[in-house]
Amino acid sequence: MERIRGMEREEVERLLASLEDYELAIPDELVGYYLMRAGFKCDDIRVQRLVALAAQKFLADIGNDAVTHCKLRQQNAPGKSKGAPKETRNVLTADDLEKALREYGVSLKKPPYYADTVAPVATATARAADAPGKPTASSGGAAAGSGATGKGKPGSADASGGPKGSGDGAGRKT
């Protein structure tokens, strides 16, 4: 019998035949599209499904490793009581996925605008009070330290921060 990389020819034929009826998680059209973009042209659906099976296994391995990293991180989290183990929900983060991908040689970088945690939302008043030089409701509409009184004296700036007459005192242009 002829061997093909550790498998008997008959085993390879049975595997390829079983792929004709097997429905994979990755659609044939998607696999065909990316194979075509990579320059691989093959009309045999069994070959496309074999590639899809390999991709599905790769993704499943990465997912399992990421869940393992998540469980380890949550077990080692500070503040966990030593009493009876409670059932907790696993929260998979981008860091868990990054560690799992790194094991397979894939580099993952977060974009600069990525937020992994939810920050409390500050109120508009608190944000306005924190901003230097911005008018607030408590300052009567005049910017702190700007010398502007908002009374329309000649040569003074109004509450909009522009030259006299450029606004109506509420920040709107007239």
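Source: prediction; values computed, not measured.

Further remarks concern the overall build of the protein chain. If you tally the helices and strands in the protein chain, you get five helices and two strands. Scanning the protein chain from its N terminus toward the C terminus, one meets helices and strands in the order β-β-α-α-α-α-α. By residue count, 17% of the 174 residues in the protein chain fall in the buried class. Sequence-distant contacts, at least 24 apart, represent 37% of the contacts inside the protein chain between residues at least 6 apart. Here the protein chain has roughly 13700 Å² of accessible surface; of this, 57% comes from carbon and sulfur atoms.

With that out of the way, let us pick up the nonpolar core. Burial of nonpolar side chains together is a common tendency in soluble globular proteins. One finds L24, I26, V31, L35 and A52 forming the largest nonpolar core, which totals five residues. Setting aside residues up to four positions removed in sequence, L35 forms contacts with F40, Q48 and V51.

Once that is clear, we can look at the packing of aromatic side chains. One pass over the full model with this rule turns up two aromatic pairs. An angle of 80 degrees between the planes, with centres 5.1 Å apart, marks the rings of Y33 and Y34 as edge-to-face.

Relative to the helices and strands, R49 is located in helix α3 (residues 45-75). In terms of polar contacts, R49 uses its side chain to reach the backbone carbonyl oxygen of L19, at 2.9 Å. The residues contacting R49, other than those within four sequence positions of it, are L19, E20, D21, Y22, L24 and D28.

The subject of this paragraph is the confidence of the model for the protein chain. In this model, the protein chain carries an average pLDDT of 74, and 57% of its residues clear a pLDDT of 70 or more. The secondary structure element of the protein chain with the lowest average pLDDT is helix α5 (residues 124-130), at 54, and the one with the highest is helix α2 (residues 28-37), at 94. This model gives residues 138-153 a pLDDT under 50, and the stretch forms 10 contacts once residues within four places in sequence are excluded. Within the model, the stretch residues 156-162 combines pLDDT values under 50 with 15 contacts to residues more than four positions away or in other chains.

Further remarks concern the environment of Y104. By secondary structure assignment, the location of Y104 is in the loop between α4 (94-103) and α5. If sequence neighbours within four positions are ignored, Y104 has contacts with F58, D61, I62 and D65.

What counts, and where the lines are drawn
Residues numbered from 1 in each chain as written. Predicted model: local features only at pLDDT ≥ 70, side-chain atom pairs only at ≥ 80, totals over all residues. Heavy atoms only, no water. Helix = DSSP H or I, 4+ residues; strand = E, 2+ residues; numbered from the N terminus. Buried < 20%, exposed > 50% of the residue type's maximum accessible area, 1.4 Å probe, protein only. Contact = heavy atoms within 4.5 Å. Areas by Shrake-Rupley, 256 points an atom, 1.4 Å probe, with all protein chains shown as cover. Core = buried A, V, L, I, M, F, W, Y, C linked by side-chain atoms within 4.5 Å. Phe/Tyr/Trp six-rings, centres within 6.5 Å; stacked < 30°, edge-to-face > 60°. Polar contact = N/O pair within 3.5 Å; in protein donor to acceptor, adjacent residues only side chain to side chain. pLDDT = per-residue confidence, 0-100.

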